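# Tertiary structure, described
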Amino acid sequence: MQPPASEPSKAPPEPAAGPAPQGRLRLAPAVSDLPSGPETARARKNGAMSQPKPAQDTNATAAASGAQPQPSVGSLAAHRPQPVAGGEYDRAAAKLAGIVADIDADPDDYEGEYAGPDGAELPQGRFLDRERSWLAFNERVLELAEDPSTPLLERANFLAIFASNLDEFFMVRVAGLKRRIATGVATRSASGLQPREVLELIWNRSRELMARHAACYQDEVAPSLADEGIHIVRWNELTEKEQARLYTLFMQQIFPVLTPLAVDPAHPFPYISGLSLNLAAVVSNPVSGHRHFARVKVPPLLSRFLEASPHRYVPIEDVIAAPRHLGELFPGMTIEEHHMFRVTRNEDLEVEEDDTENLLKALEKELMRRRFGPPVRLEVEETIDSEVLSLLVRELKISEAEVYPLPGPLDLTGLFSIAGLDRPELKYPKFVAGTHRDLAEVESASAPDVFAALRTHDVLLHHPYDSFSTSVQAFLEQAANDPDVLAIKQTLYRTSGDSPIVDALIDAAESGKQVLVLVEIKARFDEQANIKWARKLEEAGCHVVYGLVGLKTHCKLSLVVRQEGDQLVRYSHVGTGNYHPKTARLYEDLGLLTANQKVGADLSDLFNRLSGYSRRETYRRLLVAPKSLRTGLITRIDKEVQHHRAGRPAYVRIKVNSMVDEAVIDALYRASQAGVPVDVWVRGICAVRPGVPGLSENIRVRSVLGRFLEHSRVFAFGNGGEPEVWFGSADMMHRNLDRRIEALVRVEDPAHRAALSRLLETGMSDTTASWHLGPDGNWTRHALDTDGRPLRNVQEMLIDARRRRRGTATP
């Protein structure tokens, strides 16, 4: 059952370095004998200058965290769009019908052997490879871009998402794997593959997908955009008038910020920052005949696409590389050739918390180092000169297996800006969430009284179909302004730059309330933003803590303590998504607002554990990682086996982002072997092999991708006829179950349990559009029925249900 893997191949030898004869490209001496990283580069002999420090790169990105600024479509008056933080994720802020996979650099080493339901050892090769599964996830994103039935600008958006996802995959997963191989700590994966085999698999499969991605843009999306009057053209396709206008723009607003960097014995090869777009130019001296190499960095804070004339856009790198414009950069020299290239670097963080007295300062220092991680991928235009490519490979110390030749333009994350054009007829129909009916039977201009509603019933929220601003945000804003509220306790994993949640907490602290905020400053690619908000909250008088040493705090919790008469009443929110108003409009998430005192007591205990000293491991209505969550779920899965054998109703239904934890998967295999039906709805990575006779023939795995990012985690059990349903923040991954504080809450309201059960049944139904996972690890898309008609789209069904409720459904 183990998937075949290609044999490891030896990395090709690096090109030999030596003096170039006159008339050939004169290259700088090789730096392979120098320590990596600009801060350790030794000065070269013969009067050489030391390696430039980052501050000397005048085109350096302003974001030390490595996050790419959100590109935007430029006009002749090129402007600087607001940078957008990376992570999970402000990419959403600029039209990210975001499909993002959870990526973790740490290995998921498998050390145990788990027995079947009768004590028999489960077979080897029962787990799919995690990295192959992630690449298959991104292939599903690509299939949405390739689908002609997807609205055209959404196709462009999915192309950008695919590229952005793959960037992060290389920065984190590939970089982490290479680091572990280099240090000798990498072990065989749970799928049975050796580390080098996994790396070969990644290189080969990602090369295939990147070629498909480029072809989809070149052959399908770009021509279709042109048919709709949106032309993305190259420099030689512009009219003389357009080129003249762009020359004026170049001289006024682009040329002043460009810095050509020569490479020769007096000028070492410059540091190439991660994800930057760069132009490699070969110029010759008309007097001596010597050829030279120079690099020009495309300014990341300028618009990626410039509007040459109405509705005609040209990549900024084409404007820089125009012959006349390069002549301005290298006056008196002959421009012989130029090529675009792009480097991806290891941008994960390593902070040893046990040895760090001040985590905040240590993390800030590590963020500065992030920019200088070793390269893990080199993207080049497929027309690149072999001598220039050899230079790049040698100087970047990268293997030829990590070089990806592609048709231009490189870096299609720039399509985010094209997808943001104001052409609503080329996008998904607009949907605006309304107030949940349990909070306001009739919507009005006044905000709902959340506390009054919760005194009568719990509220089950389903975002983005239910408004975040009139529910969770209103809950915290009302708490901040209510004189009877004494305390607010809150976790923040990611939030937006202009967060009303942060503003409400600050208002509460300034009005004298006790406010405790647990800020997870290690949230990947949001570290810099979270450090900023942590300090802002501290300055306002909030008690800010950073959780427990060695554990990320990923749970989504709010607790409000209110004086009502002679009693203190606790109001709670437990969710699956971040307290991020922008992503709440694009991420599918669940939340429970409740005045239940058991939940309130649980949250009080958990916050006390996070902010103080506590050894509590069991709770009333919560399962909390890393102590009780995995064991609690496995116990319930195993109980379904007992119910099934006793003839009572039994099933397991799970909806998660990722399913790779071997202990949980083996529990599902045991249930399947006993005859329990198991349904797994997963957005991204899945290591389960469904449909294997004698092992998993009772397991079905489905995946749903679409305009919203499926982000909620739900766990439902038949429980002998008394269904049990949980939801919360945890995915089935080692990092979530062993190295994070995660929380699931048990749903007690029968109507809420029924609603969540219907959601799971709909997502798994054969009449719903989805991808089906086979035992070989391949995903098959099911979008049409046997008559060729489109299957139901679960997200559109939920949108239409909300519209019908408000009387605005389409006929």
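Residue positions are given per chain, counting from 1 as you read along its sequence in written order. Residues qualify for local features only when their pLDDT is at least 70, as the model is predicted, and side-chain atom pairs are given and counted only at 80 or more; totals for whole chains, interfaces and linings, by contrast, use all residues. The basis for every side-chain value is the complete set of heavy atoms in the structure, and neither hydrogens nor water enter the calculation.

### A short note on the overall build of the protein chain
Helix numbers and strand numbers start at the N terminus; a helix is a DSSP run of H or I with at least 4 residues, a strand a run of E with at least 2. Within the protein chain, the secondary structure is distributed over 19 helices and 29 strands. Surface exposure of the protein chain reaches about 31100 Å², of which carbon and sulfur atoms provide 50%. Using the Shrake-Rupley algorithm and a 1.4 Å probe, accessible areas are obtained, with residue cover drawn only from the displayed protein chains.

### Things to note about the pattern of salt bridges
Salt bridge, as used here, is a side-chain nitrogen of Lys or Arg placed within 4 Å of a carboxyl oxygen of Asp or Glu. In the structure shown here, the tally under the stated rule is 49 salt bridges. D605 is the partner of R620 in a salt bridge, and the nearest nitrogen-oxygen pair spans 3.0 Å. With R620 in the loop between α14 (597-611) and β20 (622-625) and D605 in helix α14, this pair connects stretches of sequence that are 15 residues apart. When the shortest N-O distance is used, the salt bridge between R746 and E748 registers 3.0 Å. R746 sits in the partly exposed class, given a relative accessible area of 21%. When accessible area is computed with a 1.4 Å probe and restricted to protein chains, residues below 20% of their type maximum are described as buried, those above 50% as exposed, and intermediate ones as partly exposed. Judged by relative accessible area, which is 32%, E748 ranks as partly exposed. By sharing partners, the salt bridges in this structure join D167, R304, E317, R342, R377, E379 and D411 into a single network.

### Considering helix α15 (residues 629-645)
With 17 residues, α15 extends 25 Å from end C-alpha to end C-alpha; this agrees with the ideal 24 Å at 1.5 Å per step. All of the buried residues along α15 are L629, R630, G632, L633, I634, R636, I637, E640, V641 and H643. Looking one or two residues beyond α15, the residue adopting positive phi is G647, at roughly 80 degrees. One less than the residue count of a helix, multiplied by 1.5 Å, gives the span that helix is expected to have.

### Quick word on the pairing of strand β26 (residues 724-728)
Taken across its 5 residues, β26 has 5 buried, putting it largely inside the fold. Every second residue of β26 is oriented toward a common face, with E724, W726 and G728 on one face and V725 and F727 on the other, all of them buried. Two strands are said to pair when DSSP picks up at least two bridges between them. Where strand β25 (residues 713-717) and β26 come together, 5 bridges link them in antiparallel fashion. Looking at the pairing, R713 lines up with G728 of β26. The hairpin turn running from β25 into β26, its antiparallel successor, is 6 residues long, and N719 in that turn takes a positive phi close to 55 degrees.

### Topic: the packing of aromatic side chains
Only centres within 6.5 Å qualify two rings of Phe, Tyr or Trp (six-membered ring in Trp) as a pair; their planes then separate them into stacked at under 30 degrees, edge-to-face at over 60, and tilted for everything else. Per the stated rule, a full pass over the model turns up 11 aromatic pairs. On the basis of an interplanar angle of 10 degrees and a centroid distance of 4.3 Å, the ring pair of W134 and F169 is categorised as stacked. Of this pair, W134 sits in helix α1 (residues 130-146) while F169 sits in helix α2 (residues 152-183), and the two are 35 residues apart along the sequence. Among the residues examined, F169 registers a relative accessible area of 0% and is labelled buried. Between F451 and Y571, the aromatic rings sit 4.7 Å apart at their centres with planes inclined by 35 degrees, giving tilted as the arrangement. Pair noted here: F451 is in helix α10 (residues 450-456) and Y571 is in strand β18 (residues 567-575), with a separation of 120 residues, a long-range link. Y571 matches F451 in its accessibility class, with the two residues each being buried. In this structure an aromatic cluster arises from ring pairing among W134, F137, F169, F170 and Y404. We call a charge positioned over a ring when the NZ of a Lys or the CZ of an Arg lies within 6 Å of the ring centre and within 35 degrees of the ring normal. Against the face of Y404 rests R207, its NZ or CZ located 4.4 Å from the ring centre. Directly above the aromatic system of F170 lies the positively charged group of R377, at a separation of 4.6 Å from the ring centroid.

### Describing the packing of α15 against helix α16 (residues 662-674)
Where helices are involved, their axes are fitted lines through C-alpha atoms of the stretch in contact, as for all axes, and angles between N-to-C directions lie from 0 to 180°. It is the contact of α15 with α16, at a shortest axis distance of 9 Å, that shows an interaxial angle of 5 degrees. In terms of their interaxial angle, α15 and α16 are classed as roughly parallel. Contacts from R630, I634, I637, D638, V641, H644 and R645 in α15 reach A663, V664, A667, L668, R670, A671 and A674 in α16. Oblique is the label for any angle not under 35 degrees, not over 145, and not in the 65 to 115 range, which are roughly parallel, roughly antiparallel and roughly perpendicular in turn. In what follows, a contact means two residues having at least one pair of non-hydrogen atoms within 4.5 Å.

### Details of the environment of E538
Turning to its location among the elements, E538 is positioned in helix α13 (residues 527-539). Residues E538 and I506, spaced 32 residues apart in sequence, show a C-alpha to C-alpha distance of 9.0 Å. Setting aside its immediate chain neighbours within four residues, E538 contacts V544 and Y546.

### Regarding the environment of I230
Secondary-structure assignment places I230 in the loop between α3 (195-227) and β3 (231-232). A relative accessible area of 2% means that I230 is categorised as buried. In sequence terms I230 and R423 are 193 residues apart; their C-alpha atoms lie 10.0 Å from each other. The residues touching I230, leaving out its near neighbours within four places in the chain, are L153, L225, H311, Y313, I418, L421, R423 and L426.

### A closer look at the environment of N481
Relative to the elements of secondary structure, N481 occurs in helix α11 (residues 472-481). Note on N481: relative accessible area 59%, which makes it exposed. Sequence spacing of N481 and A504 is 23 residues, and the spatial spacing of their C-alpha atoms is 8.3 Å. Polar side-chain contacts of N481 include one of 3.1 Å to the backbone oxygen of E477. Two N or O atoms count as a polar contact when they lie within 3.5 Å, although within protein this holds only if one can serve as hydrogen donor and the other as acceptor, and sequence-adjacent residues are included solely when both atoms are side-chain atoms.

### A short note on the packing of α1 against α2
Between α1 and α2, the shortest axis-to-axis distance is 7 Å and the interhelical angle comes to 165 degrees. When the interaxial angle is binned, α1 and α2 end up roughly antiparallel. Pair α1 / α2 crosses with left-handed handedness. Contacts from R130, E131, W134, L135, F137, N138, V141, L142, L144, A145 and E146 of α1 reach α2 at R155, F158, L159, I161, F162, N165, L166, F169 and R173. Split by residue class, the contact of α1 with α2 holds 13 nonpolar, 2 polar and 5 charged. Left-handed is the label given to a crossing in which the near helix is rotated counterclockwise from the far helix by less than a right angle, and right-handed is the label when the rotation is clockwise. Classification used: nonpolar for Ala, Val, Leu, Ile, Met, Phe, Trp, Tyr, Cys and Pro, charged for Asp, Glu, Lys and Arg, polar for all others including Gly.

### Quick word on the side chain of S696
Within the fold, S696 resides in the loop between β22 (678-682) and β23 (699-703). Here S696 falls in the buried class, since its relative accessible area comes to 0%. One polar contact links the side chain of S696 to the main-chain carbonyl oxygen of R689, over a distance of 2.4 Å. Sequence-distant contacts of S696, defined by excluding residues within four places in its chain, comprise Y669, S672, R689, P690 and G691.

### What to know about the nonpolar core
Residues belong to one nonpolar core when they are buried, are Ala, Val, Leu, Ile, Met, Phe, Trp, Tyr or Cys, and are joined through side-chain atoms within 4.5 Å. Core analysis: the largest hydrophobic core is formed by 127 residues, its most contacted members being I254, I320, I418, M659 and M732. Filtering out sequence-adjacent residues up to four positions away, I254 remains in contact with L249, L302, L306, I316, V319 and I320. Among the nonpolar cores identified, the runner-up in size contains 42 residues, and Y465, L592, F727 and L798 belong to it.

### Focus on α11
The buried fraction of α11 amounts to 8 of the 10 residues, a majority that puts the element mostly inside the structure. Here α11 has its buried residues at V472, Q473, A474, F475, L476, Q478, A479 and A480.

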